[in-house]
Amino acid sequence: MIDLHTHTTCSDGTDSPTELVRAAAEAGVTTLGITDHDTVAGWAEAEEAALAAGIALVRGVEMSARHAGTTLHILGYLLDPSRDAFAQHSQSLVEARASRLVAMIDNLAADGLVTHDEVAAHTPDGATPGRPHIADALVARGTYPDRSAAFADVLSNKSPYYIAYEAPSVARVVTTIHDCGGVAIWAHPMAAARWLPTEDDIREVISFGLDGLEIRHRDNADQALLSRIVAETDMMWTGSSDYHGTGKPNRLAENVTDPVQLARIVDRGSVEVIGV
Ligand code: AMP
Ligand code: FE
Ligand code: FE
Ligand code: ZN
């Protein structure tokens, strides 16, 4: 089974890279993609763990892009992060996310809902900061039973406490991925909690140079529409869990990618798959 979209403690997952790889092997995953938000900090540890566990590792990253007043996620697979374009993206996104998180915590703290220290205590060292770390602090306080409940309330995109962060355009992110020799796949294109695009919206985003769409994902509102668009354009397409450990209900391999599509990604990528 091929699961190409997962997170670790290097972003907003709750498993370390080693724990992720072991859990994936146990779940029957034979090829695993590691795709932390805007960072490749988990790659080295995951590589070692994948070799030890005897599964293949597709190195990737989930990059944030601003579009239509929201933040879209673009998966970059098998890219070479040693090229300048990647370092620039990663550094500026981690900074933008960090200052935005401070501003959101300020908002929440003004109403006595959480403190900076509480969030810091729930942000692993070096992790790409995000709302899930505020959620963990709120769960620890007993305000909510889990992250999802916090996201349904004070952390939602529609909450008065919500603040967006700056990110490059989709065109810019796709160019960065291509400049680094990677493959650009639009993650959960129809995840309604952030933005529910029309068919025209989807075609517009694709026109910025995307190589493919993540179709099989639990958050996609209309997978049939996405399949139709992909069939027309001959783009690549994937299916993945978007596993975040205990941070989300998504289970490893709940959606998987066809080997034919993985082969297309591998063919185009500039770094090899580990362990094959
Ligand atoms: P941020 O990156 O700070 O904008 O927060 C968005 C992140 O929160 C996404 O990457 C998701 O992984 C996570 N997230 C969004 N909705 C939920 C939810 N309902 N439960 C848990 N995590 C969520
Ligand atoms: Fe996430
Ligand atoms: Fe995402
Ligand atoms: Zn993700």
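As the structure is a prediction and not an experimental result, all values here were calculated from the model.

Colleague: Help me understand unusual backbone geometry, please; the structure alone is not making it clear to me.
Modeller: Excluding glycine, a negative phi dihedral is what most residues carry, and trans is how most peptide bonds are arranged. The phi dihedral of Leu78 is positive, around 50°, even though this residue is not glycine. You can see Leu78 is positioned in the loop between β4 (70–77) and α3 (84–110). On the basis of relative accessible area, Leu78 is assigned to the buried category, the value being 0%. A positive phi is found at Asp242, a non-glycine position, where the angle reads about 60°. As for its placement among the helices and strands, Asp242 is situated in the loop between β7 (236–239) and α10 (259–268).

Colleague: What's the story with the nonpolar core in this structure? I'm lost.
Modeller: As a rule of thumb, nonpolar side chains are buried together in soluble globular proteins. Core analysis: the largest hydrophobic core is formed by 44 residues, its most contacted members being Leu32, Ile74, Trp186, Ile202 and Leu213. Not counting residues up to four positions away in its chain, the partners in contact with Leu32 are Asp3, Thr6, Leu20, Val21, Ala24, Ile55, Ala56, Leu57, Val58 and Leu252. Among the nonpolar cores identified, the runner-up in size contains 16 residues, and Leu108, Val114, Ile134 and Ala137 belong to it.

Colleague: Would you mind showing me how to read the sheet that holds strand β6 (residues 212–216) here?
Modeller: Adjacent strands of a sheet form backbone hydrogen bonds with each other and so pair up, either parallel or antiparallel. Overall, mixed pairing links the seven strands, which are arranged β1-β2-β3-β4-β5-β6-β7 in an open sheet. The open sheet is flanked by β1 (2–3) and β7, the only strands paired with a single partner. Alignment of β1 against strand β2 (residues 31–34), held across two bridges, turns out to be parallel. Following the sheet pairing, Asp3 is matched in β2 by Leu32.

Calculation criteria
Residues numbered from 1 in each chain as written. Chains lettered and ligands numbered in written order. Predicted model: local features only at pLDDT ≥ 70, side-chain atom pairs only at ≥ 80, totals over all residues. Heavy atoms only, no water. Helix = DSSP H or I, 4+ residues; strand = E, 2+ residues; numbered from the N terminus. Buried < 20%, exposed > 50% of the residue type's maximum accessible area, 1.4 Å probe, protein only. Core = buried A, V, L, I, M, F, W, Y, C linked by side-chain atoms within 4.5 Å. Contact = heavy atoms within 4.5 Å. Pairing = 2+ DSSP bridges.

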